[in-house]
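# Structure assessment
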Amino acid sequence: MPEDTTLLIACLCARWCNLCGEYRASFDDVQQRHAGRLRFVWVDIEDDEDIVGSIDVDDFPTLLIARGQAPLFFGPLTPQPATLERLLQSAQAGRLAPLTDPATLQLAARIEAAADCLGGAGR
């Protein structure tokens, strides 16, 4: 599948966050259900701070969905798999308008560029 049509789903969390630790299994399960069709990465806001940059992540989990370097969603979400699945369905159906905030555009570009180094959600 061409990179510009494949959705990238990045979960921004922190190792010290208990909620993130609990959500990780759900995120990994959703990744497995979409294996080969969507790209998933787990971004630790402290370990990967060069990728996160100056973006403040206040709520966990925070999700970025992008098509190539074009962000479609960036924000916190409730940590249930069904919430993520509904959001992914909206993104795949083209119901999410591209975001234009410069900081979010830059974040999406950094995560896209580093996605192979970040590995999958199960790294």
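So, a few notes on the structure that sits alongside this text. (Residues numbered from 1 in each chain as written. Predicted model: local features only at pLDDT ≥ 70, side-chain atom pairs only at ≥ 80, totals over all residues. Heavy atoms only, no water.)

A complete count under the given rule lists four salt bridges for this structure. For Asp 28, the salt bridge is made with Arg 24, and the minimal N-O distance between the two is 3.6 Å. In this pair, Asp 28 and Arg 24 are both assigned in helix α1 (residues 18-33), four residues apart and thus about one turn of the helix distant. When its relative accessible area of 19% is taken as the criterion, Asp 28 is described as buried. For Glu 112, the salt bridge is made with Arg 39, and the minimal N-O distance between the two is 3.1 Å. (Salt bridge = Lys/Arg side-chain N within 4 Å of Asp/Glu carboxyl O. Helix = DSSP H or I, 4+ residues; strand = E, 2+ residues; numbered from the N terminus. Buried < 20%, exposed > 50% of the residue type's maximum accessible area, 1.4 Å probe, protein only.)

At a minimum axis separation of 9 Å, α1 and helix α3 (residues 81-92) run at an interaxial angle of 40°. One element, α1, and the other, α3, form an angle in the oblique class. Handedness of the crossing formed by α1 with α3: right-handed. Taken together, the residues of α3 that come into contact with α1 (itself represented by Tyr 23, Ser 26, Phe 27, Val 30 and Arg 33) are Pro 81, Leu 84, Glu 85 and Leu 88. (Axes fitted to C-alpha atoms, helices over the stretch in contact; angles between N-to-C directions. Parallel < 35°, antiparallel > 145°, perpendicular 65-115°, else oblique. Left-handed = near helix turned anticlockwise from the far one by under 90°. Contact = heavy atoms within 4.5 Å.)

Between the first and last C-alpha of α3 there are 16 Å, a value that for twelve residues agrees with the 16 Å anticipated at 1.5 Å per step. Buried within α3 are the following residues: Thr 83, Leu 84, Glu 85, Leu 87, Leu 88, Ser 90 and Ala 91. Elements that come into contact with the buried residues of α3 comprise β1 (7-13), α1, β2 (39-44), β3 (62-67) and β4 (70-76). At the C-terminal side of α3, Gly 94 shows a positive phi close to 80°. (Expected span 1.5 Å × (residues − 1).)

A few words on the state of the cysteines. Taken as a whole and assessed by the stated rule, the structure comprises one disulfide. The side chain of Cys 13 participates in a disulfide bridge whose partner is Cys 20; the two sulfur atoms lie 2.5 Å from each other. Every disulfide takes its handedness from the sign of the S-S torsion; for Cys 13 and Cys 20 that torsion is -85°, giving left-handed. Among the cysteines around Cys 11, which has no disulfide bond, Cys 13 carries the closest sulfur, lying 3.7 Å off. We classify Cys 11 as buried; its relative accessible area is 0%. (Disulfide = S-S within 2.5 Å.)

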